[in-house]
Amino acid sequence: MKIGKMDTDQLVSEVLSKLHPVRKEVVLRPEIGEDCAALDLGGDLVILSTDPVTVPNSDTGRIAVHINCNDVAACGGEPVAMLITILAPPDTKEDDIAKVMEQVAAEAAAVGIEIVGGHTEVTDAVNRLVVSGTAIGRCAKNALVQNKNIRPGDSLIITKYAGIEGTIMMCSELYEKAVAAVTYQRVRGAEELKNMLSVVPDGIIAARAGACAMHDITEGGVLGAVHEVCTASGCGAVVEEENVPLLSLTHDLCREFGVDPLRLISSGSMLIATPRPEQVLSALSEEGIGAAVIGKAVAAEEGFTIHCTDGVSRVFGPPRPDEIYKLFE
């Protein structure tokens, strides 16, 4: 099998098809394009999400917190707590695990959540350190945002910039090559991007302002996220490449390394679908969060098209192995 997320068809046939409803408390179940589960246990809904960090990364602890809390926010929820599992190969140093937990603790405090448990194990089942998190959040019963609610004509918005996490990784894990490509000063500037990794504020603000669906943009990048959320609603999509906000650093590194920035892991950016784009953009802007309309949902029979900056319209498909994996082969 290929490295990275399973193909949509494989995920449906080999994983999701094996699951069946059992409990009436479950109000949001596993589906393509959904980031979380939701349980009605009385009072607010309980929102749950889990994700591992598997790509080589010196910021594993930091990323583990944000990708899971971001998923909760994509459902309109407020993250409350997390469980952290660390699987370390036998050659791991104690300091490596301590560094991960220092990052976890610092980012948890920044987001406003508590680490309430987990598991730490040294095992030869992995060949590099793997950190997996499970986030627990809450939201009011009438505030749950589900990706099946997109309709043709809804605008597609992304916050901040495409490729934030991928840019951080290129500058840290491929430091010398990145410096040779774009200069030391620009690479060092990527440290500031780590402050953008949380989309919890983005999600909470957009949910209140009229988002009908949200998805934090992780593996597969912008195009993968658009395909997932629109497929979940039985829609297609049109994306305008020139409207996708992209840092010049990201653009230059992607060009140097032969990477497609729209298929690059993009934690730190939230994809938002809404019938009221002006309202959502205004609410985000008031809180200092940049955002742009990058396209719209269309009828399913129109498929998925991106209008490229070279003047050519191209069809794009479901998420595939993230572009970042090319750099570690």
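As the structure is a computational prediction, the values presented were derived from the model and not from experiment.

Turning our attention to the packing of helix α4 (residues 164-173) against helix α9 (residues 248-257). Between α4 and α9, whose axes approach to 10 Å, the crossing angle comes to 60°. By the criterion of interaxial angle, the relationship of α4 to α9 is oblique. Judged by the sense of rotation from one axis to the other, the crossing of α4 with α9 is left-handed. Across from Thr 167, Met 170 and Cys 171 in α4, the residues of α9 making contact are Leu 249, Thr 250, Leu 253, Cys 254 and Phe 257. Looking at the contact of α4 with α9 residue by residue, the class counts come to six nonpolar, two polar and no charged.

Applying the stated rule across the entire model yields one aromatic pair. Both rings, one in Phe 304 and one in Phe 316, keep their centres 5.6 Å apart while their planes meet at 65°; by these two values the pair is edge-to-face. Of this pair, Phe 304 sits in strand β12 (residues 304-307) while Phe 316 sits in the segment after β13 (313-315), placing them 12 residues apart in sequence.

This part covers the state of the cysteines. Under the definition given, this model contains zero disulfides. With no disulfide of its own, Cys 139 lies closest to Cys 75 among cysteine sulfurs, the gap being 7.4 Å. The structure places no disulfide on Cys 212, whose sulfur is separated from the nearest cysteine sulfur, that of Cys 235, by 8.9 Å.

Reading guide: rules and limits
Residues numbered from 1 in each chain as written. Predicted model: local features only at pLDDT ≥ 70, side-chain atom pairs only at ≥ 80, totals over all residues. Heavy atoms only, no water. Axes fitted to C-alpha atoms, helices over the stretch in contact; angles between N-to-C directions. Helix = DSSP H or I, 4+ residues; strand = E, 2+ residues; numbered from the N terminus. Parallel < 35°, antiparallel > 145°, perpendicular 65-115°, else oblique. Left-handed = near helix turned anticlockwise from the far one by under 90°. Contact = heavy atoms within 4.5 Å. Nonpolar A, V, L, I, M, F, W, Y, C, P; charged D, E, K, R; others polar. Phe/Tyr/Trp six-rings, centres within 6.5 Å; stacked < 30°, edge-to-face > 60°. Disulfide = S-S within 2.5 Å.

Spatial relationships are all this shows, so hold off on functional conclusions.
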